[in-house]
Amino acid sequence: MGKLILCSGKRTERPYVLPGSGERIYSIEELCYYIYNNIYFIDESMFTASLIDWIGKELCLTERAEKLETLKRQGADLKTLITVVLCSADYYTEHEIKKLLTVIDEIRSMPSAKRRYMKANSYLKRKQFWEAAAEYESLLVSEDAVNLDPKSYGDVLHNLAIARLHIY
């Protein structure tokens, strides 16, 4: 079971709609939760000018927004951007944030095929069967497919079949 944490930050009337998933975020705590639980979907492109603007104007976290804007302009890495957001709220402990940063390092060190496989698996676990099937199919026809060992290739085919089963 998860833990229940009372959001202490501002809850806005105008949510930020995440471009990839369409999820609506109303507070900094919800943004932290989304990042933490969807780490395989997060990359530098998530930190758009509109997200940074929303953090500054809607959540009244102008200093954080300015810091994110500066870091983005300087070409900061994903870990730095995520750390700034996660430290904007007391939603996760320092230990949990460090653990997530370790996961980011592991993701970055994985071969491209493995990252794509993990992303597709995340879709499958979230019951986003169309997205999972599309990611598995894309992986199978990509140049990355030759880098999959026989077991991983079989796992991709198996999980693709599971996703298609749920679709049809």
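Please read all numbers here as calculations on a predicted model, not as lab measurements. (Residues numbered from 1 in each chain as written. Predicted model: local features only at pLDDT ≥ 70, side-chain atom pairs only at ≥ 80, totals over all residues. Heavy atoms only, no water.)

K.L.:
Quick one: what's the story with the overall build of the chain, residue by residue and with numbers?
P.N.:
Tallying secondary structure elements over the chain gives eight helices and two strands in all. The secondary structure elements of the chain, listed N-terminal to C-terminal, are β-β-α-α-α-α-α-α-α-α. Counting only C-alpha atoms and orienting by the principal axes, one finds that the chain spans roughly 50 × 35 × 30 Å. Residue pairs at least 24 apart in sequence account for 54% of intrachain contacts in the chain once pairs closer than 6 positions are excluded. As displayed, the chain offers around 10,200 Å² of accessible surface, 53% of which is attributable to carbon and sulfur atoms. Charge-centre separation for the chain: the mean point of 23 positive side chains lies 2 Å from the mean point of 24 negative side chains. (Helix = DSSP H or I, 4+ residues; strand = E, 2+ residues; numbered from the N terminus. Contact = heavy atoms within 4.5 Å. Areas by Shrake-Rupley, 256 points an atom, 1.4 Å probe, with all protein chains shown as cover. Lys, Arg positive; Asp, Glu negative; His and termini not counted. Charge placed at Lys NZ, Arg CZ, Asp CG, Glu CD.)

K.L.:
Which residues make up the environment of P19, and what values do they have?
P.N.:
Residue position: P19 is located in the loop between β1 (16-17) and β2 (24-25). The spatial distance from the C-alpha of P19 to the C-alpha of K72 is 18 Å, given a sequence separation of 53 residues.

K.L.:
Explain helix α3 (residues 62-73) residue by residue, including any values.
P.N.:
Under the 1.5 Å per step criterion, the end-to-end length of α3 is 16 Å for 12 residues, consistent within 8% with the ideal 16 Å. Residues A65, L68 and L71 constitute the buried set of α3. Down the axis of α3, the smallest arc covering the buried residues is 130°, so these residues share one side. Counted as exposed and oriented over 90 degrees from the buried face of α3: E63, E66 and R73. Trailing α3 by a residue or two, G75 shows a phi angle of about 80°, which is positive. (Expected span 1.5 Å × (residues − 1). Buried < 20%, exposed > 50% of the residue type's maximum accessible area, 1.4 Å probe, protein only. Arc of directions from axis to C-beta.)

K.L.:
Describe the pattern of salt bridges, with residues and values.
P.N.:
Under the criterion given, the structure shown has 11 salt bridges. A salt bridge links E44 to R108; the shortest N-O distance between them is 3.4 Å. In this pair, E44 is assigned in the loop between α1 (28-37) and α2 (49-57) and R108 in helix α5 (residues 94-109), connecting sequence segments 64 residues apart. Of the residues examined, R108 reaches a relative accessible area of 43% and is grouped as partly exposed. A salt bridge links R164 to E137; the shortest N-O distance between them is 2.5 Å. Here R164, found in helix α8 (residues 150-167), pairs with E137, found in helix α7 (residues 129-141); they are 27 residues apart in sequence, far enough to count as distant. With relative accessibility at 35%, the residue R164 sits in the partly exposed group. Looking at E137, the relative accessible area reads 32%, which means it is partly exposed. Within this structure, R116, E135 and D144 form a network of salt bridges that share partners. (Salt bridge = Lys/Arg side-chain N within 4 Å of Asp/Glu carboxyl O.)

K.L.:
Please set out the packing of α2 against α3 residue by residue, giving values where relevant.
P.N.:
Close contact between α2 and α3 brings their axes to 7 Å; oriented N to C, the two are set at 160°. With respect to α3, the axis of α2 lies roughly antiparallel. Between α2 and α3 lies a crossing whose hand is left-handed. Contacts between α2 and α3 pair I52, I55 and G56 from the former with T62, A65, L68, E69 and K72 from the latter. When grouped by side-chain class, the residues that make up the contact of α2 with α3 number four nonpolar, two polar and two charged. (Axes fitted to C-alpha atoms, helices over the stretch in contact; angles between N-to-C directions. Parallel < 35°, antiparallel > 145°, perpendicular 65-115°, else oblique. Left-handed = near helix turned anticlockwise from the far one by under 90°. Nonpolar A, V, L, I, M, F, W, Y, C, P; charged D, E, K, R; others polar.)

K.L.:
Tell me about the nonpolar core, and please be specific about residues and values.
P.N.:
General note: in soluble globular proteins, nonpolar side chains tend to be found buried as a group. The biggest cluster of nonpolar side chains holds 36 residues, and the ones touching the most others in it are L31, I42, M46, F47 and I82. Leaving out residues up to four positions away in the same chain, I82 has contacts with I35, I39, I42, F47, L100 and I104. By size, the runner-up hydrophobic cluster in this structure holds 17 residues, among which are A132, Y136, L140 and L160. (Core = buried A, V, L, I, M, F, W, Y, C linked by side-chain atoms within 4.5 Å.)

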